Amino acid sequence: MRYDESFAPATIAAIRDVAPAIRELTLHPAGNAVSYPTGAHLRVQVRINGKPGIRHYSLIGAPQDGVWRIAVKREDPGRGGSRFMWSLKPGDVVEISNPASHFELAANASAYLLIAGGIGITPILGMAQVLRRRAVPFRLLYAGRSEAETAYLPEVAQCGAQAEVYFADQGRFIDLASAFRALPLDGEAYICGPIGLLDAARAAWDAGGRPRARLRFETFGSSGRFAAEAFTVRLPRLNREVHVTAEMTMLDALEDAGIGVLADCRRGECGLCAMDVIASEREIDHRDVFFSDAQHAQNRKICACVSRVAGGTITLEPAWRGDVL
Ligand code: FES
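Residues numbered from 1 in each chain as written. Predicted model: local features only at pLDDT ≥ 70, side-chain atom pairs only at ≥ 80, totals over all residues. Heavy atoms only, no water.

The subject of this paragraph is the sheet that holds strand E15 (residues 274-280). Pairing within the open sheet is mixed, and its five strands lie in the order E14-E13-E19-E15-E17. Since the sheet does not close on itself, it has two edges, and those belong to strand E14 (240-244) and strand E17 (301-303), each with one partner. Going from strand to strand, the sheet's axes swing by 40 degrees on average, the running direction of each strand aside. Note: strand E13 (residues 231-235) against strand E19 (residues 313-317), three bridges, orientation parallel. Within E19, the residue paired with Arg234 across the bridge is Thr315. (Pairing = 2+ DSSP bridges. Helix = DSSP H or I, 4+ residues; strand = E, 2+ residues; numbered from the N terminus. Axes fitted to C-alpha atoms, helices over the stretch in contact; angles between N-to-C directions.)

This is the structure in structure tokens:
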């Protein structure tokens, strides 16, 4: 689907830190704070080093008193979006999109398994709240690094015995294979977290021979296997080389260099920005959820909006893209 490109102002009504590195912002949109489906997110216009950018944030819970809530994890180092969001103060105005959801809870599953890693709790929490309201049984598994660093624990605790938390510093980790085994075959699993959690979940799900359509997931485009490093993109057909800093995406760098690349979601979901890989000096850090694990292993395509290389130079064929703007 195409993203709604329209934006409207919203005022920061309140700010609170829900963990040392996670800040919740309450937004008062200029129009009505309309209701939205589970798993919905907002697109927010940010400014990074004076340049415009877009970031996506899941909406937390149901709209309350005419406001929407999002949470932002401070990424140090990061690409700069979280620094901008953390610089905001109550009363500031930001431009936001309407809520959109590609991660909706299906209505009639026989059972629900919700899994969240870190800041991935933000869309999952709303799902748990909806299922609780409907008195539908579910199981919520929530993993964090430590209790002190994990957000929304009081809200998760309201789910009672249906919720389990796992802290890595206590040596407790989610056993995905056993959680999937306990889920009826026509049950559905919803997962949001870093790419490593999603990869492990997809592998465990496939190993159990379960239908992929019943595994639904969302990730944050910024999470990868390697820390972001600067690298170079070589485009032989265009006779161009473009430097990508650690703070920017490959897509942003190509666009800044005047090289047109088709893109839509900008979070590794739609595949529109995929480019052909000719060669790469270093390992490719695939951060999209569009291509399968097997396609990632083949390294023939790369999603320019989220994926990167761990340094060095990657040589790409932009196919029919790459028109100089
Ligand atoms: S723009 Fe959608 S995957 Fe890159």
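Bringing the sheet that holds strand E10 (residues 163-167) into the picture now. Spatial ordering of the open sheet is given by E10-E9-E8-E11-E12, a layout of five strands whose pairing is parallel. In the strand order of this sheet, the two ends are held by E10 and strand E12 (215-219), each with one partner. Strand-to-strand twist across the sheet, computed as the mean angle between neighbouring axes with direction ignored, equals 10 degrees. In this structure, strand E11 (residues 188-193) lies alongside E12, joined through five bridges in parallel fashion. Across the sheet, residue Tyr190 finds its bridge partner in E12, namely Arg216. Its contacts with the sheet put helix H2 (residues 121-133) on strand E8 (112-117), strand E9 (138-144), E11 and E12, and the angle it makes with E8 is roughly 150 degrees. (Contact = heavy atoms within 4.5 Å.)

Moving on, we come to the packing of aromatic side chains. Under the defined criterion, the tally for this structure stands at four aromatic pairs. Pairing Phe180 with Trp205 gives two aromatic rings, centres 4.9 Å apart and planes at 90 degrees, and the pair type is edge-to-face. With Phe180 in helix H4 (residues 176-181) and Trp205 in helix H5 (residues 195-207), this residue pair connects regions lying 25 residues apart in the sequence. Like Trp205, Phe180 is buried. Here the aromatic rings of Phe290 and Phe291 are separated by 4.9 Å at their centres, their planes lie at 80 degrees, and the arrangement is edge-to-face. (Phe/Tyr/Trp six-rings, centres within 6.5 Å; stacked < 30°, edge-to-face > 60°. Buried < 20%, exposed > 50% of the residue type's maximum accessible area, 1.4 Å probe, protein only.)

This paragraph deals with the domain arrangement of the protein. Taken domain by domain, the protein comprises domain 1 (8-101), domain 2 (112-219) and domain 3 (231-317). Spacing between the C-alpha centres of domain 1 and domain 3 amounts to 27 Å. With six residues of domain 1 at the contact, the number on the domain 3 side is 10 residues. Both faces considered, domain 1 and domain 3 share a buried interface measuring about 620 Å² in area, 45% of it formed by carbon and sulfur atoms. Connecting domain 1 to domain 3 are zero salt bridges. Across the contact surface, domain 1 and domain 3 share one residue pair in polar contact (both at pLDDT 80 or more). Those elements that provide at least two residues to the side of domain 1 that touches domain 3 are strand E3 (40-48) and strand E4 (51-58). Looking at the side of domain 1 that touches domain 3 residue by residue, the classes come out as no nonpolar, three polar and three charged. (Domains from an automatic or database assignment. Buried area = accessible area lost by both parts, 1.4 Å probe. Salt bridge = Lys/Arg side-chain N within 4 Å of Asp/Glu carboxyl O. Polar contact = N/O pair within 3.5 Å; in protein donor to acceptor, adjacent residues only side chain to side chain. Nonpolar A, V, L, I, M, F, W, Y, C, P; charged D, E, K, R; others polar.)

Time to look at H2. Helical geometry note: an α-helix holds 3.6 residues per turn, so side chains three or four residues apart project in the same direction. In this model, H2 (13 residues) spans 18 Å end to end at C-alpha, consistent with the 18 Å of a helix rising 1.5 Å per residue. With 10 of 13 residues buried, H2 lies mostly within the body of the structure. Residues Ile121, Thr122, Pro123, Ile124, Leu125, Gly126, Met127, Ala128, Val130 and Leu131 constitute the buried set of H2. (Expected span 1.5 Å × (residues − 1).)

Attention now goes to the nonpolar core. Membership of the largest hydrophobic core comes to 32 residues, with the highest contact counts inside it found for Leu114, Ile124, Leu140 and Tyr190. Listing elements by their share of this core, those giving two or more residues are strand E1 (8-19), E8, H2, E9, helix H3 (153-157), E10 and E11. Broken down by element, this core gets its largest block of residues, seven residues, from H2. In contact with Leu114, other than residues within four places in its own chain, are Leu105, Ile124, Met127, Ala128, Leu131, Phe138, Arg139, Leu140, Leu141 and Tyr190. (Core = buried A, V, L, I, M, F, W, Y, C linked by side-chain atoms within 4.5 Å.)

You will see that Tyr152, though not glycine, has its phi angle at about 60 degrees, which is positive. Assignment of secondary structure puts Tyr152 in the loop between E9 and H3. Its identity as a non-glycine residue notwithstanding, Arg266 has a phi of 60 degrees, on the positive side. Relative to the helices and strands, Arg266 is located in the loop between helix H6 (250-256) and E15.

Glancing now at H5. With 13 residues, H5 ought to run about 18 Å at 1.5 Å a step, and its terminal C-alpha atoms sit 18 Å apart, in line with that. Within H5 the residues assigned to the buried category are Ile195, Leu197, Leu198, Asp199, Ala201, Arg202, Ala204 and Trp205. On its buried face, H5 is in contact with E8, H4, E11, E12 and helix H7 (293-298). Gly209 occupies a position one or two residues after H5 and carries a positive phi of about 65 degrees.

Locating Phe103 in the fold gives a position in the loop between strand E7 (100-101) and E8. By relative accessible area, Phe103 is classed as buried at 2%.

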